[in-house]
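Chain by chain, the residues run as shown.
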Amino acid sequence: NAGVMQNPRHLVRRRGQEARLRCSPMKGHSHVYWYRQLPEEGLKFMVYLQKENIIDESGMPKERFSAEFPKEGPSILRIQQVVRGDSAAYFCASSPDENYGYTFGSGTRLTVV
Amino acid sequence: TQLLEQSPQFLSIQEGENLTVYCNSSSVFSSLQWYRQEPGEGPVLLVTVVTGGEVKKLKRLTFQFGDARKDSSLHITAAQPGDTGLYLCAGVHAGGTSYGKLTFGQGTILTVHP
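Our subject in this report is the structure included herewith. It should be emphasised that the depicted structure is a prediction, and the values quoted were computed from it without experimental measurement.

Details of the overall build of chain B
Helix and strand counts for chain B come out as zero helices and 11 strands. The order of helices and strands in chain B, counted from the N terminus, is β-β-β-β-β-β-β-β-β-β-β. Over its C-alpha trace chain B gives a radius of gyration of 14 Å, about what one expects of a compact globule, namely 13 Å for 114 residues. The principal-axis extents of the C-alpha atoms in chain B amount to approximately 45 × 30 × 20 Å.

Shown next, in the form of structure tokens:
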């Protein structure tokens, strides 16, 4: 899905390091969603953001995880002090408003060693 | 919490067979979306159904939204090896502070053998 750009595609971190995942939504899309996927499972909602606002972060762990969508630049999902259980594929999606289907990026595959 | 139960979890069939994937919930959704995901890629939207009882066709794929907007089905006619992939249903929450947030089913891994 060339429209939503996620980077990096693959990220390896040692336990205790920080992981930063970036997402540039499609042009004109102001709604950004982050989801996490374990192998051969569905996607679990993490956080929903609009420009400079967190709308819903009910799916995000209270500790070590944070997300932002600044006025300028990509949305960032930040995981501090990563643990092995954080290893997963993290997908970003964007939409022009709540009534449209999502466009997903290709994901960032985080491996914690 | 609005949950979506998707079945079957795994489906292995021969080319030319028909199949149906089900997505059920005890809650009402304002709409339901179906996605297909290839290995190593993000999900791609196939269809959105909005009205209870709605039926949409996309070539050999037929999507239906239940009258009560609690369930949906995906039917594939004459499956082909190119249909192999992970199929996901997702419900759109309505109202509250998180309108537009999607809840996903756990997915159906479809394998179509030549």
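Now that the structure has been shown, we can carry on.
Structural notes on the side chain of B:S25
Residue and element names in this part refer to chain B. Of note, S25 is situated in the loop between β3 (19–24) and β4 (31–37). Polar side-chain contacts of S25 include one of 2.8 Å to the backbone oxygen of L3. Once residues lying within four places of it in the same chain are set aside, the contact partners of S25 are L3, L4 and K70.

Some details on the interface of chain B and chain A
With 22 residues of chain B at the contact, the number on the chain A side is 24 residues. A combined buried area of about 1800 Å² lies between chain B and chain A, and 51% of that area is made up of carbon and sulfur atoms. Summed over the shared surface of chain B and chain A, the result is one salt bridge. Note that A:R9 and B:E41 form a salt bridge whose closest N and O atoms lie 3.8 Å from each other. There are seven residue pairs in polar contact (both at pLDDT 80 or more) connecting chain B and chain A. Elements supplying a minimum of two residues to the side of chain B that touches chain A: β4, β5 (44–49), β9 (85–92) and β10 (102–104) of chain B. The biggest single contributor to the side of chain B that touches chain A is β4(B), with three residues. Here the residues of the side of chain B that touches chain A sort into 11 nonpolar, nine polar and two charged.

Quick word on unusual backbone geometry
The omega torsion of the bond from A:N7 to A:P8 falls at 0 degrees, within 30 degrees of zero and hence cis. Here A:P8 lies in the loop between β1 (5–7) and β2 (10–13). Of the consecutive residues B:S7 and B:P8, the connecting peptide bond is found in the cis state with omega at -10 degrees. Position of B:P8 among the secondary structure elements: in the loop between β1 (5–7) and β2 (10–14). Backbone geometry at A:E52 places phi at a positive 65 degrees, although glycine is not the residue there. Relative to the helices and strands, A:E52 is located in the loop between β5 (43–50) and β6 (53–56). Positive phi, close to 45 degrees, is recorded for A:Q81, a residue that is not glycine. The topology assignment puts A:Q81 in the loop between β8 (75–79) and β9 (88–95).

Some remarks on the state of the cysteines
On inspection of all chains with the given rule, the structure shows two disulfides over all chains. Across the disulfide, A:C23 is cross-linked to A:C92 (sulfur-sulfur distance 1.8 Å). Here the disulfide of A:C23 and A:C92 is left-handed, its torsion about the S-S bond being about -50 degrees. Of this pair, A:C23 sits in strand β3 (residues 19–24) while A:C92 sits in strand β9, and the two are 69 residues apart along the sequence. The side chain of B:C23 participates in a disulfide bridge whose partner is B:C89; the two sulfur atoms lie 2.0 Å from each other. The sign of the S-S torsion, about 75 degrees, decides the handedness of the disulfide formed by B:C23 and B:C89: right-handed.

Cut-off values and rules
Residues numbered from 1 in each chain as written. Chains lettered and ligands numbered in written order. Predicted model: local features only at pLDDT ≥ 70, side-chain atom pairs only at ≥ 80, totals over all residues. Heavy atoms only, no water. Helix = DSSP H or I, 4+ residues; strand = E, 2+ residues; numbered from the N terminus. Rg over C-alpha atoms; globule rule 2.2 N^0.38 Å. Polar contact = N/O pair within 3.5 Å; in protein donor to acceptor, adjacent residues only side chain to side chain. Contact = heavy atoms within 4.5 Å. Buried area = accessible area lost by both parts, 1.4 Å probe. Salt bridge = Lys/Arg side-chain N within 4 Å of Asp/Glu carboxyl O. Nonpolar A, V, L, I, M, F, W, Y, C, P; charged D, E, K, R; others polar. Disulfide = S-S within 2.5 Å.

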